[in-house]
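Chains, contacts and geometry: an overview
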Amino acid sequence: MPVTHDGLTIEWLGYATVRLESKDGTVVYLDPGRYGVLTGDWEPDTPGVAHPPSRDYRPEDGDIVCVTHVHHYDPDGIDRVADEDATVIAFEGMDVRGSRRDLPRLVDLEYEVRTVDAESDLVVAGVPIWTLPAYNEPDGPHTRPDGSPFHPEGRGCGFLLSIDGTRVCWPGDTDVLDGHAALEVDVFLPPIGGAFTMDHSEAATLAVELDPELVVPIHYNTFTALETDPEAFASELDDADVSVALDT
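Only a predicted model underlies this, so the values are computations on that prediction, with no experimental measurement involved. (Residues numbered from 1 in each chain as written. Predicted model: local features only at pLDDT ≥ 70, side-chain atom pairs only at ≥ 80, totals over all residues. Heavy atoms only, no water.)

**Describing the pairing of strand 6 (residues 82-91)**
Note the following rule: Only protein chains enter the accessibility calculation, which uses a 1.4 Å probe; a residue whose area is less than 20% of its type maximum is buried, one above 50% is exposed, and one in between is partly exposed. To qualify as a helix, a DSSP run of H or I must reach at least 4 residues; to qualify as a strand, a run of E must reach at least 2; elements of each kind are numbered from the N terminus. Criterion used throughout: strands pair if DSSP finds at least two bridges between them. With its strands directed away from the observer, a crossover is right-handed exactly when the path from the first strand over the helix to the second travels clockwise.
Counting buried positions over the 10 residues of strand 6 gives 7, a clear majority of the element. Here strand 5 (residues 62-67) runs beside strand 6; their pairing, made up of 5 bridges, is parallel. By the bridge assignment, Val-65 is partnered in strand 6 with Val-88. In this fold, strand 5 hands off to helix 1 (residues 75-81), which returns the chain to strand 6; that crossover is right-handed. Pairing geometry for strand 6 and strand 7 (residues 112-116), over 5 bridges, is parallel. By the bridge assignment for strand 7, Val-88 is matched with Val-113.

Laid out in structure tokens, this is it:
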């Protein structure tokens, strides 16, 4: 369900996909696609997790499409949301050859593509954009049994965007990292599913430190490994007087 904050419309479409629309109609998508969130053909394996509504989501209205890392790279998803003149901003370290999916190279997409590293600073369609490091700490809580991180450093990024002066942060698939709490953020889009990212308690602690005007949690309950309790997350922030918008 879309929410509006200071003229900015924010809609979580499932998994890591978020649509942002400014007052003047500039549209930004974050990590569009994967797991049927745009097609409605995903069958959840977690009891109590709602199936996304049957849909064929293809607005083709996006001016900017941001892709954090290869796990969230979905060429069909990009085609569904991107305007023909869209700019795709993608992390430069995405290794499509190492993916188990048959993925085209970024240079083969039919859009202008700008690649970024984890410390880039650019302006696209009048929107200032900064990138952030995004990774799991080695031997940390979000690693494989051998201690190797699901998301090693250098494989992805997060995004901080200033849309009509509202600073929106999608940190990507990441642990809470040194430096996150120092960011100036108005709208925070944390992943709360745990397993491969910060969990809902870690995200809540970070949100309290950031003290944004609005928090919209994403990247949870898509499948069993991401199962979490968004109400518990919201309760932690309610106690700290931080505004939360849950998908309902």
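**Focus: the pairing of strand 9 (residues 127-133)**
Bridge analysis of strand 8 (residues 121-124) against strand 9 gives 4 bridges, and the strand direction is antiparallel. By the bridge assignment, Val-123 is partnered in strand 9 with Pro-128. In this structure, the hairpin formed by strand 8 and strand 9 is closed by a connection of 2 residues, where Ala-125 is found at a positive phi of approximately 50°. Where strand 9 meets strand 10 (residues 157-163), 5 bridges bridge the pair, whose relative direction is antiparallel. For Thr-131, the partnering residue across the bridge sits in strand 10 and is Phe-159.

**Some points on the pattern of salt bridges**
Threshold: Salt bridge criterion: a side-chain nitrogen from Lys or Arg within 4 Å of a carboxyl oxygen from Asp or Glu.
Per the stated rule, a full pass over the model turns up 7 salt bridges. Arg-80 is the salt-bridge partner of Asp-76, the closest N and O atoms lying 2.8 Å from each other. A residue pair is termed a helical-turn pair when its members lie 3 or 4 positions apart in one helix, as Asp-76 and Arg-80 do in helix 1 at 4 residues. Residue Arg-80 is classed as buried on the basis of its relative accessible area of 9%. A salt bridge links Asp-108 to Arg-105, with the shortest nitrogen-to-oxygen separation between them at 3.1 Å. For Asp-108, a relative accessible area of 44% translates into the label partly exposed. Taken together, the shared-partner salt bridges connect Arg-19, Glu-21 and Asp-61 into one network.

**Digging into the layout of surface pockets**
Rules: Within this scheme a cavity is a closed region of a 1 Å grid, computed over the protein atoms alone, that accommodates a 1.4 Å probe without allowing it to escape, whereas a pocket is open but has protein on both sides within 12 Å along at least five of seven lines; lining residues each have an atom within 4 Å of a point. Grid points are joined across faces, edges and corners, and a volume is the space filled by probe spheres set on the points. Residues were grouped as follows: Ala, Val, Leu, Ile, Met, Phe, Trp, Tyr, Cys and Pro as nonpolar; Asp, Glu, Lys and Arg as charged; and all remaining residues, including Gly, as polar.
Size it by volume and the largest pocket reaches roughly 630 Å³. Along the walls of the largest pocket sit 23 residues, with Val-70, His-71, Arg-100, Arg-144 and Phe-150 positioned nearest its centre. Of the residues belonging to the lining of the largest pocket, the class tally is 9 nonpolar, 7 polar and 7 charged.

**Overview of empty space enclosed by the protein**
Inspection of every chain in the model, using the stated rule, returns 2 cavities of 30 Å³ or more. Roughly 80 Å³ of volume is contained in the largest cavity. Every residue along the wall of the largest cavity is listed here: Met-1, Val-3, Ile-10, Trp-12, Val-216, Pro-217, Ala-245, Leu-246 and Asp-247. The space that makes up the second largest cavity amounts to roughly 50 Å³.

**Thoughts on the packing of aromatic side chains**
This is how the line gets drawn: The criterion for an aromatic pair is that two Phe, Tyr or Trp rings (for Trp, the six-membered ring) have centres within 6.5 Å, with stacked assigned to planes under 30 degrees apart, edge-to-face to planes over 60 apart and tilted to the rest.
Considering all chains together, one arrives at 5 aromatic pairs under this definition. Arranged with centres 6.3 Å apart and planes meeting at 45°, the rings of Tyr-15 and Phe-223 form a pair that is tilted. With Tyr-15 in the loop between strand 2 (8-14) and strand 3 (17-21) and Phe-223 in the loop between strand 13 (214-215) and helix 3 (230-239), this pair connects stretches of sequence that are 208 residues apart. With respect to burial, Tyr-15 and Phe-223 carry one shared label: buried.

**Observations concerning the side chain of Asn-221**
Our working definition: A 3.5 Å cut-off defines polar contacts: any pair of N or O atoms within that distance qualifies, except that in protein one atom must be a possible hydrogen donor and the other a possible acceptor, and neighbouring residues in sequence count only when both atoms are side-chain atoms.
On the secondary structure map, Asn-221 appears in the loop between strand 13 and helix 3. With a relative accessible area of 16%, Asn-221 lands in the buried category. Only 2.8 Å separates the side chain of Asn-221 from the backbone nitrogen of Thr-228, close enough to count as a polar contact.

The quantities given are spatial measurements derived from coordinates; they are silent on function.
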